[in-house]
Each structure stands twice: as structure tokens, then as C-alpha cells.
Amino acid sequence: MKNLPAKIVGSVVSTRERGATAVEYGIMVALIAAVIITVVTLLGNNLSSMFSSVANQI
């Protein structure tokens, strides 16, 4: 009986930690996706202008 409050508190804390971890992973995935989209957009524009330059020279 002495350990019952500790078990209840422990289960509540572990549930909250799992929820916070899921939120943190979601934020991390969103930031990584934003960086990838930005890099692809910038490289896409540079590659497009490079190919256009080569095509004009030919």
C-alpha cells in the first residue's frame, strides 16, 4: 500500500513524458521538412537557370 501513490504518480509522469516527446518529434519533423523544401526550392531555381544558360549557349 505504501508504493501505490508512487506507482500512480509514476504512471502519470511517464504518460506526460511520452506525450511531450511526441510533440517534440512532430516539431522536429516539421522543421526538417521546412528546411528540405527551402533547399530544394533554392537549388531548383539555380539548376533551372543553369540549364537555361547552357541551352542558350548551345
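1. Side note on the overall build of the chain
Next, step 1: Within the chain one finds one helix and zero strands.
Next, step 2: Here the chain holds 58 residues, and the buried ones make up 0% of them.
Next, step 3: When the accessible surface of the chain is totalled, it reaches about 5300 Å², and 71% of it is carbon and sulfur.

2. With respect to the environment of T41
Next, step 1: One can find T41 in helix 1 (residues 4–57).
Next, step 2: Note on T41: relative accessible area 42%, which makes it partly exposed.
Next, step 3: A polar atom in the side chain of T41 sits 2.7 Å from the backbone oxygen of I37.

Thresholds, definitions, all that
Residues numbered from 1 in each chain as written. Predicted model: local features only at pLDDT ≥ 70, side-chain atom pairs only at ≥ 80, totals over all residues. Heavy atoms only, no water. Helix = DSSP H or I, 4+ residues; strand = E, 2+ residues; numbered from the N terminus. Buried < 20%, exposed > 50% of the residue type's maximum accessible area, 1.4 Å probe, protein only. Areas by Shrake-Rupley, 256 points an atom, 1.4 Å probe, with all protein chains shown as cover. Polar contact = N/O pair within 3.5 Å; in protein donor to acceptor, adjacent residues only side chain to side chain.

Purely geometric numbers; function is a separate question.
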